[in-house]
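# An overview of the molecular structure
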Amino acid sequence: ARKHGGKNGKQMFDTSMLDAARERHEIAQYIEAGLREDWFEAYLQPIVGMSDGRIVGFEALMRLNHPEKGILAPARIIGIAEETGTIGRIGERILEKAIGHLAVISRLEGTGETYLAVNFSPMQFETTLPHKLAALLLKNHIAPSRIVIEITEAVLMLDSPDVHAVLKQLGEFGCRIALDDFGTGYSSLSYLNRFPVDIVKVDQSFTRSLTADEVDVRRKSRMLIKGIRTISNQMGYDTVAEGIETLEDWELLKKLGIDYGQGYFFSKPMPIGEMLKMLESNSEAKATTA
Ligand code: C2E
Ligand code: MG
Ligand code: MG
Ligand code: MG
């Protein structure tokens, strides 16, 4: 949106800015209503082993399910929630729901070891987090070792004593830390030795560029992914590739030695009801072929 200098030094705004302001206001209202009326949902997307495609965990992805407007994705919510200070309450709601979902999933056969990965933005990283998490896990009979906290370098860039303390506490508690969207943004390499990381999630832009039109881009992307994989594994971290949309993506990333994968090829993020149906039909299929 552009801003024009108006007469007498007054600012005049063009209509696109007005529209943007109106939309922000609307979404801020949906957020408040969503917290009040319980419209927030934690969708789940499976994370699978690269070698065999077996589900090892689920990432919780926030959705605001507005009864009239439909599903709002996090990209439209998070920025505004951070500005208005509602991100903390949303995050707690998602955490609570997602842990509840993991407890339900755990009643199915063969899912007792699966983990739950939850995204945290910088503003959610407060000192009360480990305590709140511990209470939810206790209530749902979930071991802390089944929780992965996904953070981006934006959290680490804060480099505050609080962030260090919370990360340390979560680690001691038995949770794992995943560095999300790795390889994009600012210089992320130094974060690998300065913070306690367990999992490196290779950003989906790398997966995309593996099948780019230009041969040179494809070749260099393979080198980059292999390099990230080698560094991560040698430091003792597992790797997860994001954005696997095709069988070709899967095969290429498997060949490059990536440990785990996630993407539409395996499954889109789904509400808990659909996820349970999928897991149940998977295990029935296995039972009949066994
Ligand atoms: P992310 O953590 O990197 O999550 C992966 C995103 O990629 C998700 O988008 C997911 O739906 C999408 N995705 C998964 N597989 C594929 C694929 O094969 N192809 C493509 N093109 N996309 C795929 P989503 O759900 O819209 O979330 C976007 C971002 O919003 C997340 O990126 C995360 O940074 C943030 N986010 C989501 N839920 C939460 C939350 O509860 N709290 C916070 N703080 N952030 C969240
Ligand atoms: Mg994530
Ligand atoms: Mg990611
Ligand atoms: Mg991402």
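Only a predicted model underlies this, so the values are computations on that prediction, with no experimental measurement involved.

## A short note on the pattern of salt bridges
In this structure the tally under the stated criterion is 16 salt bridges. The partner of lysine 201 in a salt bridge is glutamate 59, with the nearest N and O atoms 2.9 Å apart. Of this pair, lysine 201 sits in strand E9 (residues 199-202) while glutamate 59 sits in strand E4 (residues 55-66), and the two are 142 residues apart along the sequence. On the accessibility criterion, lysine 201 (1% relative accessible area) is buried. The shortest N-O distance in the salt bridge between glutamate 172 and lysine 168 comes to 3.5 Å. Of the two residues, glutamate 172 and lysine 168 are both situated in helix H6 (residues 161-173); the distance of four residues between them amounts to about one turn of the helix.

## What about the site of ligand 1?
In the neighbourhood of ligand 1, 23 residues make up the surrounding shell, with Arg63, Gln124, Asp180, Glu245 and Tyr264 lying closest. The separation between an oxygen atom of ligand 1 and a polar side-chain atom of glutamate 59 is 3.0 Å. Here methionine 62 contributes a backbone N or O atom positioned 3.1 Å from a nitrogen atom of ligand 1. The dominant element in the shell around ligand 1, judged by the number of residues it contributes, is E4, at four residues. Split by residue class, the shell around ligand 1 holds nine nonpolar, seven polar and seven charged.

## Quick word on the pairing of strand E10 (residues 238-241)
With four bridges joining them, E9 and E10 adopt parallel strand pairing. Residue pairing for E10: isoleucine 199 is matched across the bridge by aspartate 238. Judged from the two bridges that link them, E10 and strand E11 (residues 260-261) form a sheet pairing that is parallel. Its bridge partner being in E11, valine 240 is matched across the sheet by tyrosine 260. What joins E10 to E11 is helix H10 (residues 247-255), and the crossover it makes is right-handed.

Criteria and cut-off values
- Residues numbered from 1 in each chain as written.
- Chains lettered and ligands numbered in written order.
- Predicted model: local features only at pLDDT ≥ 70, side-chain atom pairs only at ≥ 80, totals over all residues.
- Heavy atoms only, no water.
- Salt bridge = Lys/Arg side-chain N within 4 Å of Asp/Glu carboxyl O.
- Helix = DSSP H or I, 4+ residues; strand = E, 2+ residues; numbered from the N terminus.
- Buried < 20%, exposed > 50% of the residue type's maximum accessible area, 1.4 Å probe, protein only.
- Near = heavy atom within 4 Å.
- Polar contact = N/O pair within 3.5 Å; in protein donor to acceptor, adjacent residues only side chain to side chain.
- Nonpolar A, V, L, I, M, F, W, Y, C, P; charged D, E, K, R; others polar.
- Pairing = 2+ DSSP bridges.
- Right-handed = clockwise from strand over helix to strand, strands pointing away.

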